[in-house]
Amino acid sequence: MTDSKYFTTTKKGEIFELKAELNSDKKEKKKEAVKKVIASMTVGKDVSALFPDVVNCMQTDNLELKKLVYLYLMNYAKSQPDMAIMAVNTFVKDCEDPNPLIRALAVRTMGCIRVDKITEYLCEPLRKCLKDEDPYVRKTAAVCVAKLHDINAQLVEDQGFLDTLKDLISDSNPMVVANAVAALSEIAESHPSSNLLDLNPQSINKLLTALNECTEWGQIFILDCLANYMPKDDREAQSICERVTPRLSHANSAVVLSAVKVLMKFMEMLSKDLDYYGTLLKKLAPPLVTLLSAEPELQYVALRNINLIVQKRPEILKHEMKVFFVKYNDPIYVKLEKLDIMIRLASQANIAQVLAELKEYATEVDVDFVRKAVRAIGRCAIKVEQSAERCVSTLLDLIQTKVNYVVQEAIVVIKDIFRKYPNKYESVIATLCENLDSLDEPEARAAMIWIVGEYAERIDNADELLESFLEGFHDESTQVQLQLLTAIVKLFLKKPTETQELVQQVLSLATQDSDNPDLRDRGYIYWRLLSTDPVAAKEVVLAEKPLISEETDLIEPTLLDELICYIGTLASVYHKPPSAFVEGSRGVVHKSLPPRTGSSESAESPEAAPTGAPPSEQPAVIPAQGDLLGDLLNLDLGPPVSGPPMTTASVQMGAVDLLGGGLDSLMGGTNFAAPPAGTMPATLSAPIGGGLGDLFDLTSGVGTLSGSYVAPKAVWLPAMKAKGLEISGTFTRQVGSISMDLLLTNKALQVMSDFAIQFNRNSFGLAPAAPLQVHAPLSPNQTVEISLPLNTVGSVMKMDPLNNLQVAVKNNIDVFYFSTLYPLHILFVEDGKMERQMFLATWKDIPNENEAQFQIKDCPLNAEAVSSKLQGSNIFTIAKRNVEGQDMLYQSLKLTNGIWVLAELRIQPGNPNFTLSLKCRAPEVSQHVYQAYETVLKN
């Protein structure tokens, strides 16, 4: 009968019966009972009540029964530490048993019982086992030291176990050496500062000798340890490489990758002129190719590692292009990874082969794969100049298939080809324009708009094409809107006479009807540029663009060097350093390749390095994705260039022709129709002088920059509650826009990245107007300041208190929640000044029970100072009277949701206490408005 019978008992009083069986005199019955106990424990029943009875069964020489009892002990020792002490004597006795299997079992179990009280009793038996004559016991004891160190590091150091472990590296048995290395590596990882693995040429020699006789996992431990060693010169590096190379033919892929890691690292130190360097390159290719005949999951891991190796040393696999050709039955994740490597290996020698293959892929059924294949054709064109023509004609053939997603991808890559080879392939624009109507993806639409704007002078009906996009401007994604704005401004600068209306239309759509800050800012900048200095506008917008680089997705060199040191680990699959995904202190020690000796040439293959041009003439290169903002990169936001002063009279923008006047140089004195009065936002009522200077200096506008009071930053989320992330912040209001000024501090031991923020519904609909932009990962002990723009168009829900804001912040570690109270004065809008008559009528109209009175104490200001201080926070004084020696200020303010609050402030000269009466149709606001008065006046 099988062991399943132990899992099928439903007797009543089961524990009682098991207790009786455990204390039986018959050995067989005892064993059966222990098996039943283990079965119950496995399915989650609580059998801890039987602890003393099970422990009594330890006194046996039957190995199977002993193993079962030890298994039970490991599970329940933590919850029953006082009982577990009973078992200590048996451990000590078992550690001296004549049978080495029992000695090893005892020491292994001791390491797994994580109970502080017991650890000190285990030191003596462990010390004996570390010096045991049987290697099986010694290798088990070595791992036990690492486990004990995890429970109580100080104890292990005091007892001198670490020195014993170091001695085991010189052991005669290879498995003991491997386990000692594994244990020391484990301990060193949790204590990066301690120099435990103090490797020298002698110990390295012993490790290399043990390497040949270990089990496969032992070999991996030793190879990983070797990878952390820094040879003193290239001779030593070469000798280590020679002794590690045989591991490349091992059957276990983990051993192969660990060996590749060691070789990749030490190759840095070898001169490229050495014959051995060439031999080593040849030897590295076959094992990597062999890994690709494994099952798909292993293939994927191998491909992710090969991707790194190819970026570091493309010459290793440059003749192996065929193995990366996609098989029909490869899973999609393998296909995409192979494609990536094909492009990295593409060169003049194999490009014909690659293109033929890619064209095949573009007719496959898998949509994701087809898209990537079309992209790949474009990347080949950019990488290998000689193939560009063939790639473009291949792309045109694909566009003729009229398959929607193929056409869209082709247009996106052709845009990049135009940027890499200007004035070469523009003849295909006509074909692209035929497919305009079928484009529905933002990226393809944006690419097409860029092409139309960039080559407007070659396209007769460019204005009609762009106008067709403009009809649904607000339904487009931001990417398309930004591109459309830039394209129309380019078109206007190239054909000013025909496109005035179009450019005015897009500028007003971008600046007035949009709530996206990027779009608005770009719109205002263009508007200002065109209205003040059209010649400068032409230089900025139609500037010569830098060529794009061929490899925009290469991993940054220092990160690549670090990832090469992690080949064969998760980091090499994620393409991220361990600090980006390992929690806590482990694995945060940064590794890097040894400095290059020998020849100083770059590690790139000859095909990859551009030659011929001296350094000073190399084209400036920016990544391809950047062209969305590329047109604005040259914008000089410095002070305006001195010249003849322009008109400085402050004019109300609504009634002025923004694009008029200054454009005479572009178009023979034609005048624009002025935008209808009142269409421009009030914030732009600044003098039209000095170009961009006064776009950012809006002090003459309604809302002034000296503006409303800003509270000092307070800690909103302490590091204790957010795994090391501390958030402090405050709220500000400037020129009509609200922002949350945050200070993010990383007090953890790992890098933080991927930040995002979200607000819960709140009383005034406050919501982030843009994503939380933390441009670089936040390293430990680093602080970054961020200003997050807010708007008030979010979902509304009445909170208690009214100004409560609940916030969620996410990063690569977790999601954290906190709540904070925002001061109400950030919601006081700039047009909150009521007409006098209106004020009187409204004051009478609001019922008296809605009036609330408050005392503002200890405020030594006079009426004049009070009035101007409050105006800075958009509380406007409408009238002032003196009644019986008291100054009476009548004030109004308006909240973002349109609620008006009327106030009467009584100030007795010489008396620092004021009386504030507030009237409002929503009386629950009054308390918070009073707090705002207090805050503003007293700071």
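Just above sits the structure.
The shown structure was predicted, so the numbers you read here are calculated from the model rather than taken from an experiment.

1. Things to note about the pairing of strand 2 (residues 725-734)
- When you tally the buried positions in strand 2, you get nine out of ten residues, the bulk of the element.
- Where strand 1 (residues 714-717) lies against strand 2, three bridges are found, and the strand directions are antiparallel. Each residue of the ladder has a partner; that of alanine 714, found in strand 2, is glycine 729.
- Across ten bridges, strand 2 lies against strand 3 (residues 737-746) in antiparallel orientation. What sits directly across from glutamate 726, in strand 3, is threonine 745.
- The loop that links strand 2 with its antiparallel partner strand 3 comprises two residues; one of these, valine 735, has a positive phi angle of about 45 degrees.

2. A word on the environment of cysteine 95
- Tracing the sequence through the fold places cysteine 95 in the loop between helix 6 (88-94) and helix 7 (100-112).
- For cysteine 95, a relative accessible area of 5% gives the class buried.
- Not counting residues within four places of it along the chain, the set of residues in contact with cysteine 95 comprises Arg103, Ala106, Met110, Pro125 and Cys129.

3. Focus on unusual backbone geometry
- The omega torsion of the bond from aspartate 800 to proline 801 falls at -5 degrees, within 30 degrees of zero and hence cis.
- With respect to the helices and strands, proline 801 occurs in the loop between strand 6 (783-791) and strand 7 (804-810).
- One non-glycine residue, lysine 723, lies in positive phi territory at about 50 degrees.
- Its location among the elements puts lysine 723 in the loop between strand 1 and strand 2.
- We classify lysine 723 as partly exposed; its relative accessible area is 41%.

4. Considering helix 11 (residues 161-168)
- For helix 11, every residue scored as buried is listed here: Phe161, Leu162, Thr164, Leu165 and Leu168. Along the axis of helix 11, the buried residues cluster in a sector spanning 160 degrees; they form a single face.
- Where helix 11 is buried, its residues touch helix 8 (116-130), helix 9 (135-151), helix 10 (153-158) and helix 12 (174-190).

5. Brief notes about helix 14 (residues 216-227)
- In a regular helix each residue adds 1.5 Å, so twelve residues correspond to 16 Å; helix 14 covers 17 Å between its end C-alpha atoms and thus fits that length.
- Buried within helix 14 are the following residues: Gly218, Gln219, Ile220, Ile222, Leu223, Cys225, Leu226 and Ala227.
- Looking at the buried positions of helix 14, the neighbouring elements they touch are helix 12, helix 13 (201-211), helix 15 (234-244) and helix 16 (253-267).

6. Here's the deal with the sheet that holds strand 7
- Read from one edge to the other, the open sheet built from three strands follows the order 4-7-8, with strand pairing classed as antiparallel. Sheet topology places strand 4 (756-759) and strand 8 (815-821) at the edges, where each strand pairs with a single neighbour. Direction aside, neighbouring strands of the sheet carry axes that sit 25 degrees apart on average.
- Direction of pairing for strand 4 relative to strand 7: antiparallel, over a ladder of four bridges. Each residue of the ladder has a partner; that of glutamine 758, found in strand 7, is alanine 808.

7. Points about the packing of aromatic side chains
- This structure, assessed with the given rule, holds eleven aromatic pairs.
- Note on tyrosine 361 and phenylalanine 369: the rings are 5.1 Å apart at their centroids and 40 degrees apart in plane angle, and the pair reads as tilted. As far as the burial class goes, tyrosine 361 and phenylalanine 369 line up, both buried.
- Taken together, a centroid distance of 6.2 Å and an interplanar angle of 75 degrees make the contact between phenylalanine 839 and tyrosine 890 edge-to-face. With phenylalanine 839 in helix 34 (residues 836-845) and tyrosine 890 in strand 11 (residues 886-894), this pair connects stretches of sequence that are 51 residues apart.
- Judged by relative accessible area, which is 6%, phenylalanine 839 ranks as buried.
- Three or more aromatic residues joined by ring pairs make a cluster, and in this case those are Trp716, Phe731, Phe818 and Tyr822.
- For the cation-ring pair, lysine 335 lies above phenylalanine 369, with the distance from its terminal atom to the ring centre recorded as 5.1 Å.

Thresholds applied
Here the residue index of a chain counts from 1 through its sequence in written order. Owing to the predicted nature of the model, reporting of local features is limited to residues with pLDDT of at least 70; listing and counting of side-chain atom pairs is limited to 80 or more, with chain, interface and lining totals taken over all residues. To obtain the side-chain values, all non-hydrogen atoms of the structure were included, while hydrogens and water were left out. Relative accessible area decides the class of each residue, using a 1.4 Å probe on protein chains only: under 20% of the type maximum gives buried, over 50% gives exposed, and in between gives partly exposed. Helix and strand labels come from DSSP, where a helix needs a run of H or I of at least four residues and a strand needs a run of E of at least two; each type is numbered from the N terminus. For two strands to be treated as a pair, DSSP must find at least two bridges joining them. Note on definitions: a residue-residue contact is assigned when non-hydrogen atoms from the two residues lie within 4.5 Å. In this description, the arc belongs to the directions extending from the helix axis to the C-beta atoms. The span expected for a helix works out to 1.5 Å for each residue beyond the first. In this analysis an axis means a line fitted to C-alpha atoms, helices contributing only their contacting stretch, and an angle means the value between N-to-C directions, from 0 to 180 degrees. Stacked, tilted and edge-to-face are the three classes applied to pairs of Phe, Tyr and Trp rings, where Trp contributes its six-membered ring and a pair requires centres within 6.5 Å; stacked means planes under 30 degrees apart, edge-to-face means over 60, and tilted covers the rest. Distance and angle both matter: a charge sits over a ring if NZ of Lys or CZ of Arg is within 6 Å of the ring centre and within 35 degrees of the ring normal.

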